[in-house]
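Summary of the model geometry
This is what each chain is made of:
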Amino acid sequence: MSTPIHRTPTRQSAPSLTSARHREGGSRTGSASARPLERALLEMQSRAGNRATTAVVQRVRGGEKGSAAAKGDASPGAKRKNYRDRIAALLDRFKKNLEPIDTFVKGFQTPTNAGLTQQAAVAANEGLKHSAAASGTSAASGNLLTEAAGTVVSGMDAYKNMKDAKKHENGADHHKAKKKAKTKAADTVVGAAASGSYSAAIAKEVTKVQKAADAAVASEASGIAGASIGAIKATRSAFRIGGAAGKYKQIKKLGDPHLVQAESLARLNEARVQANWAAAEAYVALDAYWEHEGPERLELVSEGIDAALEAMDEARDAAENLQQAENDVEQLSKVQQYARKKQLTKIGKEAAGGGGESVKAAAGVVTAVAAGTVGLASNPVGWGLAGAGAGLVLGVTMYKALRAATKRYEEVHHPERWAPQGETPAEAASRKESLQHAMKFWKKVSKGERQAMAREIYALAAGPDISRNTTAEMRESARSLLIALKSGPAKHKLEPDAWAESLNDPAKTSGWIAEIAEQLASG
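As the structure is a computational prediction, the values presented were derived from the model and not from experiment.

Notes on the overall build of the protein chain
Looking only at helices and strands, one finds 16 helices and zero strands in the protein chain. Residues counted as buried form 33% of the 523 residues belonging to the protein chain. Intrachain contacts of the protein chain at a sequence separation of at least 6 include 76% that bridge at least 24 residues. Here the protein chain displays about 30100 Å² of accessible surface, and carbon together with sulfur accounts for 58% of that area.

This is the structure we're talking about:
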């Protein structure tokens, strides 16, 4: 420790004291308030020494710099990223607030407009035709606004996930980011095409409002654009159906865990039976030692007790291993059934949504053809197809919205239902608060059944450092399920050994659970 600084009894001269006061007053105000701090510093120096005092001062200054950085003295790159994230979040919230209106427009207003246009043409009612065209303009404008906002958000998400995929060169985080980047890039392209289609629809309705001479040309262009975007969306749904069907087949090939693990369970049960017999024999031998006469009786009894206790421990461990394996089989069976159900549900939703887009595409073809001949307004086929397609798409949208609202309600009203094992669940919200949370359609479910199933799958597939009591056969079956869900080594750009090590790394647990949850929901 360095030599402490002590005050010297030598009195300073008046000029030096005066100049010191002037320096203190010129550098800062309130010199009187600084004197206690000076005295405290000198006291610290006298007790701890110069080096310790310097270290304290440096820590204080470092904390001040850290707080200044926290207040906004970040790098320009970090600021740009922060602004970009905020803009993306605001646009996403704006889009999700528009979605209910967009759903109403697509499901009700647009088909109704087509019907009114048909009725106006049959009755030669120019006033009704003008009103329907004005309503159609507002409907297409609302669709365009929602689609454009969604396109921008998808583009920003695609860019962000592309950077994340490059940052994480392999592993679960890489695969999740890469897949999301592809999905969002496709969403951006489809959204841009849909925006063009809605722009053409606006132009078509405006020409009707203005009674322009080129109304037929605008209707034909709008019909072609609508048919194109409908065909694109229907094709995309077909690819998603194919992906979900492929996952379903791969999961089904894994077989019933009760049958697959029958041999392993039988072996564990045999080990339990043998351990019980060994324990029984140890206790019979112990009884015999108690009845033995001779000087070695106490030694034999002591050895018999040790042998009996050891045999009992082995019997208990064998019984626990069998019970654990049986529980794991039931758990694996449950998660496999859930995974199959998720893929079947996705196939159904995509089939209904894609079918609706196909019908809308057919309506667009009828629009284009009729515009070049007798006009769509005089042909009820276009109206019927538009209504049917909108009904299918609306049905799928309403189903998704209702399911999401139900999950949000359960998330806060029954937090114990899907809470992680060993974690104290949050306090249950009241019915009113739960209903209010369910209406927040812009929020995603973070603690639902899918996340719970992902945790269960990971617990079975993780390595011995995480799932110590899981048998090797059970762990292999769970990892086969991961491969069927497209989360295998090849998808993560890892060798099998490195992939297994990542499953056994506690630091990567959250990333793995998020990856599995994502793969359960996707095709």
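Let's talk about the packing of aromatic side chains
Scanning all chains against the criterion turns up one aromatic pair. On the basis of an interplanar angle of 70° and a centroid distance of 6.2 Å, the ring pair of tryptophan 499 and tryptophan 512 is categorised as edge-to-face. With tryptophan 499 in helix α15 (residues 496–503) and tryptophan 512 in helix α16 (residues 509–521), this pair connects stretches of sequence that are 13 residues apart. Here tryptophan 499 falls in the buried class, since its relative accessible area comes to 5%.

Brief notes about unusual backbone geometry
Here lysine 486, not a glycine, exhibits a phi torsion of approximately 65°, which is positive. Although it is not a glycine, lysine 493 adopts a positive phi angle of roughly 55°. Tracing the backbone through its elements, the reader meets lysine 493 in the loop between α14 (472–484) and α15.

Brief notes about the side chain of glutamine 451
Within the element layout of this structure, glutamine 451 appears in helix α13 (residues 449–461). With relative accessibility at 14%, the residue glutamine 451 sits in the buried group. Within the structure, glutamine 451 has its side chain in polar contact with the backbone nitrogen of glycine 448 (distance 3.0 Å). The residues contacting glutamine 451, other than those within four sequence positions of it, are Val445, Ser446 and Ile513.

A word on the side chain of serine 195
Relative to the elements of secondary structure, serine 195 occurs in helix α6 (residues 171–209). Those residues in contact with serine 195 that sit more than four places away from it in its chain are Leu144, Glu147, Ala148 and Thr151.

Let's talk about the pattern of salt bridges
For the structure shown, the criterion picks out seven salt bridges. One salt bridge in this structure joins glutamate 350 and lysine 346, with 3.9 Å as the shortest N-O distance. Placement of both glutamate 350 and lysine 346 in helix α10 (residues 297–372) is noted, with a separation of four residues, approximately one turn of the helix. One connected set of salt bridges, linked through shared partners, spans Arg240, Lys346 and Glu350.

Overview of a nonpolar patch on the surface
Together, Tyr283, Trp290, Ile305, Leu309 and Met312 make up an exposed nonpolar region whose accessible area comes to about 460 Å². Sorting the residues of the nonpolar patch by element identifies α9 (262–291) and α10 as the ones contributing at least two each. On the secondary structure map, leucine 309 appears in helix α10. With a relative accessible area of 47%, leucine 309 lands in the partly exposed category.

Digging into the packing of α13 against α16
It is at 8 Å that the axes of α13 and α16 come closest, and there the two elements cross at 120°. For the element pair α13 / α16, the angle class is oblique. Crossing hand, α13 versus α16: right-handed. Of the residues in α16, those touching α13 at Arg450, Gln451, Met453, Ala454, Arg455, Ile457 and Tyr458 are Thr509, Trp512, Ile513, Ile516, Ala517, Glu518, Leu520 and Ala521.

Things to note about a positive patch on the surface
Positive charge collects at one region of the surface, where Lys178, Lys182, Lys491 and Lys493 lie side by side. Along the polypeptide, lysine 182 turns up in helix α6. Lysine 182 gets classed as exposed once you look at its relative accessible area, which sits at 55%.

Quick look at the confidence of the model for the protein chain
In this model, the protein chain carries an average pLDDT of 75, and 66% of its residues clear a pLDDT of 70 or more. Helix α1 (residues 14–27) is the least confidently modelled element of the protein chain, averaging 39 in pLDDT, while α14 averages 94, the highest of any element. Contacts from residues 1–34, a stretch scored under 50 in pLDDT, to residues over four places away or in other chains number 19 contacts. Across residues 371–378 the pLDDT falls below 50, and counting only partners more than four positions away or on other chains, this stretch makes 15 contacts in the model.

Description of the environment of alanine 404
Looking at the element boundaries, alanine 404 is found in helix α11 (residues 380–413). For alanine 404, a relative accessible area of 25% translates into the label partly exposed. C-alpha of alanine 404 to C-alpha of methionine 439: the two residues are 35 residues apart in sequence and 9.4 Å apart in space.

Considerations on the nonpolar core
Grouped together as the largest cluster of nonpolar side chains are 31 residues, with contacts concentrated most on Ile457, Leu481, Leu482, Leu485, Trp512, Ile516 and Leu520. Of all the secondary structure elements, the ones that give two or more residues to this core are α9, α10, α13, α14, α15 and α16. The leading source of residues in this core is α10, at seven residues. When residues no more than four places from it in sequence are discounted, the contact partners of tryptophan 512 are Ala172, Tyr458, Leu482, Ser487, His492, Trp499, Ser502 and Leu503. Core analysis: the second largest hydrophobic core is formed by seven residues, Ala275, Ala279, Ala311 and Ala318 among them.

Brief notes about the packing of α13 against α14
Direction vectors running N to C along α13 and α14 enclose 130°, while the axes themselves pass 7 Å from each other. Between α13 and α14, the angle falls in the class oblique. Along its contact with α13, which presents Ile457, Leu460 and Ala461, the element α14 presents Met474, Arg475, Ala478, Arg479, Leu481 and Leu482. The residue makeup of the contact of α13 with α14, split by class, is seven nonpolar, no polar and two charged.

Concerning the environment of leucine 268
Mapped onto the fold, leucine 268 is located in helix α9. For leucine 268, a relative accessible area of 17% corresponds to the buried category. Setting aside anything within four residues of it in sequence, one finds leucine 268 in contact with Asn321, Leu322, Ala325 and Thr471.

Cut-off values and rules
- Residue positions within a chain follow its written sequence, with the count starting from 1.
- Note on the predicted model: pLDDT of at least 70 is required for a residue's local features to be given, and 80 or more for side-chain atom pairs to be given and counted; whole-chain, interface and lining totals, by contrast, use all residues.
- Where side-chain values are given, they derive from all heavy atoms of the structure, hydrogens and water being excluded.
- Runs of E in the DSSP output that reach at least two residues are strands. Runs of H or I that reach at least four are helices, and both are numbered from the N terminus.
- The buried label goes to any residue with under 20% of its type's maximum accessible area, the exposed label to any with over 50%, and the partly exposed label to all in between, with areas taken from a 1.4 Å probe on protein chains only.
- Should any heavy atoms of two residues lie within 4.5 Å, those residues are considered in contact.
- Methods summary: accessible areas were calculated by the Shrake-Rupley approach with a probe of 1.4 Å, and residue burial reflects only the protein chains presented.
- Each pair of aromatic rings taken from Phe, Tyr and Trp, with Trp reduced to its six-membered ring, is defined by centres within 6.5 Å and is described as stacked if the planes are under 30 degrees apart, edge-to-face if over 60, and tilted in the remaining cases.
- For this analysis, a polar contact is any N or O atom pair within 3.5 Å, provided that within protein one partner can donate a hydrogen and the other can accept it, and provided that sequence-adjacent residues contribute only side-chain to side-chain pairs.
- Criterion for a salt bridge: a side-chain nitrogen of Lys or Arg within 4 Å of a carboxyl oxygen of Asp or Glu.
- Residues forming no salt bridge and having over 30% relative accessible area are the ones grouped into patches, like charges within 9 Å of each other and nonpolar side chains (Val, Leu, Ile, Met, Phe, Trp, Tyr) within 5 Å.
- For helices, the axis comes from a line fit to the C-alpha atoms of the stretch in contact; other axes are also lines fit to C-alpha atoms, and the angle between any two N-to-C directions lies between 0 and 180 degrees.
- For classification purposes, angles smaller than 35 degrees are called roughly parallel, those larger than 145 roughly antiparallel, those between 65 and 115 roughly perpendicular, and all remaining angles oblique.
- Left-handed describes a crossing whose near helix is turned anticlockwise from the far helix through less than a right angle; right-handed describes the clockwise counterpart.
- Charge assignment: positive for Lys and Arg, negative for Asp and Glu; neither His nor the chain ends contribute.
- By convention, charge coordinates are those of NZ in Lys, CZ in Arg, CG in Asp, or CD in Glu.
- What pLDDT conveys is the predictor's confidence in a given residue, as a value from 0 to 100.
- By convention a nonpolar core is built from buried Ala, Val, Leu, Ile, Met, Phe, Trp, Tyr and Cys residues, the set being connected through side-chain atoms within 4.5 Å.
- Polarity classes work like this: nonpolar for Ala, Val, Leu, Ile, Met, Phe, Trp, Tyr, Cys and Pro, charged for Asp, Glu, Lys and Arg, and polar for all others, with Gly in that last group.

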